[in-house]
Amino acid sequence: MLQRTSVVDKLSVNVVSFSSTVEIGDVTYYQALSRALAVQRQRELFYGTEGHFKNYSVFSEPIVLPPITERVESHFENLKPIIKVQHINITGVSSASLLQVGNCRHLYSEARIKHIRQLEQTVNTPVGENLIQLNAPSQLDIVTSESPVSVTGTDITESEISDNVSNNQEPSSTQNDE
Amino acid sequence: MNFQVYNRELQVGELKIIGVASSSICLVGDAQTIQLAATFDTPAESLIIGPFVPLHPKI
């Protein structure tokens, strides 16, 4: 087992990113981990120091692998000692992935992604059951002055929404305490 | 269980792949064990409509 030789004449890859590997040759152990907080905002806005993996369970919950209960007697006969590929063309290898030409004995790879979308609230948008009404940044105990990007983008104190927000201040702050 | 494998000739002309992503593998060769795990969480609470507030930073 693992005695065959891999031959690739031409290999073209455009992007290898986020804990990914291009391996040419044999490997005994390979392990990779990638964690991502994917935030999509309707407006171009990034506060700089925000986000922490510990606040989201998806980054800490155990991934249970199904147990192997059956005993398997394996026997391999390599009648041709070569695996041949003329041309490999890959656009991207990303997020704890592996592109290998060669043999790999044990491989473990893990990717965890939390995807969050933030949309701007229009004046008369009702807040549905699934949607969380949030406080203005000034009402949160986060130091925003150190952020490289100013938070004036969320200046709602002088807009029409401000009445809306201050009316909902009581219930929304209790929601946030949860 | 008995698992008998005969590896005869294996020859491929061209592989065209757009993406290998989120804990995936493209392997030209043999392997003994492969364990790939990926989680993707986007629940209803992930859609936030309101003023843009930063995510809670590292405290």
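Quick look at the structure, then.

What counts, and where the lines are drawn
Residues numbered from 1 in each chain as written. Chains lettered and ligands numbered in written order. Predicted model: local features only at pLDDT ≥ 70, side-chain atom pairs only at ≥ 80, totals over all residues. Heavy atoms only, no water. Helix = DSSP H or I, 4+ residues; strand = E, 2+ residues; numbered from the N terminus. Buried < 20%, exposed > 50% of the residue type's maximum accessible area, 1.4 Å probe, protein only. Polar contact = N/O pair within 3.5 Å; in protein donor to acceptor, adjacent residues only side chain to side chain. Contact = heavy atoms within 4.5 Å. Buried area = accessible area lost by both parts, 1.4 Å probe. Salt bridge = Lys/Arg side-chain N within 4 Å of Asp/Glu carboxyl O. Nonpolar A, V, L, I, M, F, W, Y, C, P; charged D, E, K, R; others polar. Pairing = 2+ DSSP bridges.

A few words now on the side chain of Gln118(A). For Gln118(A), the location among the structural elements is in strand 7 (residues 104-119). Among the residues examined, Gln118(A) registers a relative accessible area of 2% and is labelled buried. Among the polar contacts listed, one links the side chain of Gln118(A) to the side chain of Arg41(A), at a separation of 2.5 Å. When sequence neighbours within four positions are dropped, the list of residues in contact with Gln118(A) reads Gln40(A), Arg41(A), Gln42(A), Ile48(B), Phe52(B), Val53(B) and Leu55(B).

Take the interface of chain B and chain A next. Opposite the 58 residues of chain B that make contact, chain A presents 86 residues. Across the chain B to chain A interface the summed buried area is about 6900 Å²; carbon plus sulfur atoms make up 57%. At the surface where chain B touches chain A, the tally comes to 2 salt bridges. Among the ionic pairs, Asp30(B) bridges to Arg4(A), the shortest N-O distance being 2.6 Å. Taken together, the connections running from chain B to chain A amount to 56 residue pairs in polar contact (both at pLDDT 80 or more). Secondary-structure elements contributing two or more residues to the side of chain B that touches chain A are strand 1 (2-7), strand 2 (10-21), strand 3 (25-28), strand 4 (31-41) and strand 5 (47-49) of chain B. It is strand 2 of chain B that contributes the most residues to the side of chain B that touches chain A, 12 residues altogether. Of the residues in the side of chain B that touches chain A, the class split is 32 nonpolar, 18 polar and 8 charged. When strand 5 (residues 82-94) of chain A meets strand 2 of chain B, the two strands line up parallel, connected through 10 bridges.

Quick look at unusual backbone geometry now. Even without glycine at this site, Ser19(A) takes up a positive phi of about 65°. The exposure class of Ser19(A) is partly exposed, given its relative accessible area of 36%. Positive phi, normally seen in glycine, also occurs at Ser22(B), with a value near 55°. Note on placement: Ser22(B) falls in the loop between strand 2 and strand 3. According to the relative accessible area criterion, Ser22(B) is partly exposed, its value standing at 27%.

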